[in-house]
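In case you want the letters, here they are:
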Amino acid sequence: MGPLPLFPQEASSFAPDVDHLLYYLLAVAVFFTVGIFLTIFYFAIRYRRRSDKELPRFVHTGMTLEIVWSVIPFGLAMVMFTWGASIFFNEGRPPADAIPIYVVGKQWMWKLQHIEGQREIDELHIPVGRPVRLTMTSEDVIHSFYVPAFRTKEDVVPGRYSTTWFTPTKPGKYHLFCAEYCGTNHSRMIGWIYVMQPQDYQNWLNGGSASGSMADSGQKLFQSLACGNCHHPDGRGRCPSLVGLYGSDVLLSNGATVKADDSYIRESILQPDAQIVAGYQPIMPTFQGLVTEEGVVQLIEYVKSLGKPGPPVTATPQQVTAPHR
Ligand code: CUA
């Protein structure tokens, strides 16, 4: 591979799919471009005007020809559409067993967290052959997480989570780029993805200097922000209990029901008034500016770790301990 390869390496399970579609698009484009230009030259010579008085013979439209040159391009375009859409939907649906990685983009770096607690900047270590799901947001402006070798590019947008996933297929070191112009040092917002053998990855995970899992960090944050003063685990507080919340259906005061997913929990922390749980008052203050996006995803992991609703917990809020996974 030279410094400017025509095609980047194929290092994810998506890469061959995307490349095959690209080859098809190229083949169709080249075939018709060459065909049209050759026809133009041939007709220009074959039907050139031979004398000033010469008038062309009137030609009636042929219905068969009209149908043929409408139906064939329609078919070719529909192949592009269905093929492209199937890859697009596949890239949008991470499998349930994917390794979760949280990504926060900010001017001008990538901050990545593993749920085991490891945090990285402009580097991501992942094992080969396992699907990896990225949950991404931005601390400031729009960025875009782009790994050419994985044929993965997903915008990272402030104020919301975007998700993508891939299965790396070859151990190695691959470029990570920011692919959305995001200010002065956009071109330096780059990094490396290290795809490791599973055992090496395990050693890397164990060897890090992580201070507890993301859920542990989230629990510390939960305590330092005094969230437990209102969110009693037994449900008798002024705010709803968070035990068993993650993934459940929440009935809102307006009668609607929402799924308590990452986005719902994020919004509940930063814009608590947006969706009020039925039976509760809109008394929660916003934590916008008090907790970073990295903190928010730690809180989400903490809420996740609270698991399913169980017997009432009677500990005081400061002593709440999360059942660890
Ligand atoms: Cu971040 Cu460009």
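Residues numbered from 1 in each chain as written. Predicted model: local features only at pLDDT ≥ 70, side-chain atom pairs only at ≥ 80, totals over all residues. Heavy atoms only, no water.

Visitor: How should the nonpolar core be read in this particular structure?
Guide: Looking at soluble globular proteins, one finds that nonpolar side chains tend to be buried together. Counting 30 residues, the largest nonpolar core has Trp110, Leu134, Phe145, Phe150 and Ile193 as the members making the most contacts within it. The residues contacting phenylalanine 145, other than those within four sequence positions of it, are Val103, Trp110, Leu112, Leu134, Met136, Thr152, Lys153, Glu154, Val156, Leu176, Phe177 and Ile193. Residues Leu245, Val258, Ala260 and Ile269 belong to the second largest nonpolar core, which totals 26 residues. (Core = buried A, V, L, I, M, F, W, Y, C linked by side-chain atoms within 4.5 Å. Buried < 20%, exposed > 50% of the residue type's maximum accessible area, 1.4 Å probe, protein only. Contact = heavy atoms within 4.5 Å.)

Visitor: Is there a simple way to explain the packing of aromatic side chains in this structure?
Guide: For any pair of aromatic rings, geometry is given as the distance between the ring centres together with the angle between the planes. The tally for this structure, following the rule as stated, stands at 12 aromatic pairs. Consider the rings of phenylalanine 222 and tyrosine 302, whose centres lie 5.0 Å apart with planes at 50°: the pair is tilted. Here tyrosine 302 lies in helix 6 (residues 293-305) and phenylalanine 222 lies in helix 4 (residues 214-224), a separation of 80 residues in the sequence. Look at tyrosine 302 and you get buried, because its relative accessible area is 1%. Directly above the ring of tryptophan 192 sits lysine 173, whose terminal nitrogen or CZ lies 4.2 Å from the centroid. Cation over ring: arginine 266 sits above tyrosine 161, and NZ or CZ is 5.8 Å from the ring centre. (Phe/Tyr/Trp six-rings, centres within 6.5 Å; stacked < 30°, edge-to-face > 60°. Helix = DSSP H or I, 4+ residues; strand = E, 2+ residues; numbered from the N terminus. Lys NZ or Arg CZ within 6 Å of the ring centre and 35° of its normal.)

Visitor: Looking at this structure, how should I read the pattern of salt bridges?
Guide: Applying the stated criterion to the full structure yields 6 salt bridges. Here arginine 119 ties to glutamate 294 by a salt bridge, and the two come within 3.0 Å at their closest N and O atoms. Of this pair, arginine 119 sits in strand 3 (residues 119-121) while glutamate 294 sits in helix 6, and the two are 175 residues apart along the sequence. Overall, the relative accessible area of 10% leaves glutamate 294 in the buried class. Glutamate 301 is the salt-bridge partner of lysine 304, the closest N and O atoms lying 3.1 Å from each other. Note that lysine 304 and glutamate 301 are positioned in helix 6 at a spacing of 3 residues, about one turn of the helix. (Salt bridge = Lys/Arg side-chain N within 4 Å of Asp/Glu carboxyl O.)

Visitor: Can you walk me through the domain arrangement of the chain in this structure?
Guide: When the parts of a complex come together, some accessible area is lost, and that lost area is often taken as the interface size. Examined at the domain level, the chain breaks down into domain 1 (1-39 + 61-89), domain 2 (99-206) and domain 3 (214-319). On a C-alpha basis, the centroid separation for the pair domain 1 and domain 2 is 30 Å. At the junction of the two partners, domain 1 supplies 10 residues and domain 2 supplies 11 residues. Summed over both partners, the interface of domain 1 with domain 2 buries about 980 Å², with 53% contributed by carbon and sulfur atoms. If you sort the residues of domain 1 by the area they bury against domain 2, Gln9, Ala11 and Phe14 come out on top, with a joint share of 49%. Taken together, the connections running from domain 1 to domain 2 amount to 1 salt bridge. A salt bridge links aspartate 19 to arginine 151; the nearest nitrogen and oxygen atoms lie 2.7 Å apart. (Domains from an automatic or database assignment. Buried area = accessible area lost by both parts, 1.4 Å probe.)

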